[in-house]
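The residues making up each chain are set out below.
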Amino acid sequence: MTTATTATTATTPAAVPAPAAPVPPPPAVAGAEPRTHADVLEAEAVHIIREVAGEFERPVILFSGGKDSVVLLHLALKAFAPAPLPFALLHVDTGHNFPEVLAYRDRVVAAHGLRLHVASVQDYLDRGVLTERPDGTRNPLQTLPLTETIRAEGFDAVFGGARRDEEKARAKERVFSLRDRFSQWDPRRQRPELWRLYNGRHAPGEHVRVFPLSDWTELDVWQYVAREGIELPEIYFAHEREVFRRSGMWLPVGDWGGPRDGETVERRLVRYRTVGDMSCTGAVDSAAVTLDQVITEVAAARLSERGATRADDRLSEASMEDRKREGYF
């Protein structure tokens, strides 16, 4: 009779591997310049613009001639050079825009052979679809011409130059911001954008607002303008203009309805930090006539350009967010 025996083998715990040595950074390429903050911002914006070109059928760029839309257009032209820009431009003209900015807009469009759609607030007023506001400002009246043009032209992605540092409602926006079939914004429908992954899916009739300059600041914009040698409308630099004081801002004299009784007109040396409707865009006292002087001035500012010079953002505590929910940019 044999008895089976089972051999038992003692096991020794596996040795814990030593931590790997840190991976050294790749060697610097001889003669290569280190990437600057502006390089990173530019690369991110160009990536976003190209993503839109790959995901959407009919994008358009909002272009007012203001500094942010000028930088946005510059980046878009760079993104596809030497090919022509594959997008059209769209401007909502309130009828109270600064003449210098409209002239600049038309020069840029002609110089680059671009297609420009103009949605006119005045046309809607003439047809009785909109009515003038008691305060004279037309900025809030832009929403209907904008949203109807988007639907009529079938634009499924609309680029804007808004930045998160401008205003608290804009700080809530994602880079890709979904709008429903009524062009309305619901902050609860924001999509995560981890690892710079952007979700452009949308149902028929919906569209996406796209903000490639989201992470830029006003100072970043001016420093990039200086680096790239970008031309801007002359009203961004100090010049003499007839203005009057209202609600703590210097508003321009013009056909839009100012000044009222009791408001004294003065001729002052001013410049504009942001450009919108003349009835709600204030100038700031300034002697800055060069890019370096403007950059120094912006670096010392403690209020955003919209907070300091835009009367339409002061209509209520949540005026911008309310307008964005209705379809405004």
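Scroll up to find the structure.
Okay, so let's go over this structure. (Residues numbered from 1 in each chain as written. Predicted model: local features only at pLDDT ≥ 70, side-chain atom pairs only at ≥ 80, totals over all residues. Heavy atoms only, no water.)

Overview of helix 6 (residues 218–228)
Phase 1 of the analysis: Regarding helix 6, the residues found buried are Glu218, Asp220, Val221, Trp222, Tyr224 and Val225.
Phase 2 of the analysis: One or two residues past the end of helix 6 sits glycine 229, with phi positive at roughly 65°. (Buried < 20%, exposed > 50% of the residue type's maximum accessible area, 1.4 Å probe, protein only. Helix = DSSP H or I, 4+ residues; strand = E, 2+ residues; numbered from the N terminus.)

Some points on the pairing of strand 2 (residues 88–93)
Phase 1 of the analysis: Taking burial as the measure, the six residues of strand 2 include six buried ones, the bulk of the element.
Phase 2 of the analysis: Of the two faces of strand 2, the one holding Ala88, Leu90 and Val92 and the one holding Leu89, His91 and Asp93 are both buried throughout.
Phase 3 of the analysis: Pairing analysis gives three bridges linking strand 1 (residues 59–62) to strand 2, with the strands arranged parallel. Bridge pairing in strand 2 places isoleucine 61 opposite leucine 89. (Pairing = 2+ DSSP bridges.)

Notes on the nonpolar core
Within soluble globular proteins, side chains that are nonpolar tend to cluster in buried spots.
Phase 1 of the analysis: Counting residues in each nonpolar core, the largest one holds 60 residues, and the members touching the most others are Ile49, Val71, Leu75, Leu85, Phe176 and Trp216.
Phase 2 of the analysis: Among the elements that line this core, the one with the most residues is helix 2 (residues 67–80), at eight residues.
Phase 3 of the analysis: When neighbours within four sequence positions are excluded, isoleucine 49 is seen to be in contact with Leu72, Leu75, Ala76, Ala79, Phe80, Phe87, Phe159 and Pro212.
Phase 4 of the analysis: Among the nonpolar cores identified, the runner-up in size contains 15 residues, and Leu62, Ala88, Val92 and Leu146 belong to it. (Core = buried A, V, L, I, M, F, W, Y, C linked by side-chain atoms within 4.5 Å. Contact = heavy atoms within 4.5 Å.)

Observations concerning the pattern of salt bridges
Phase 1 of the analysis: For the structure shown, the criterion picks out 24 salt bridges.
Phase 2 of the analysis: Measuring nitrogen to oxygen at the nearest pair gives 2.6 Å for the salt bridge that ties lysine 78 to glutamate 42. Of this pair, lysine 78 sits in helix 2 while glutamate 42 sits in helix 1 (residues 37–55), and the two are 36 residues apart along the sequence.
Phase 3 of the analysis: The salt bridge partner of arginine 273 is glutamate 218, with a shortest N-O separation of 2.7 Å. With arginine 273 in the loop between strand 9 (265–271) and strand 10 (284–285) and glutamate 218 in helix 6, this residue pair connects regions lying 55 residues apart in the sequence. (Salt bridge = Lys/Arg side-chain N within 4 Å of Asp/Glu carboxyl O.)

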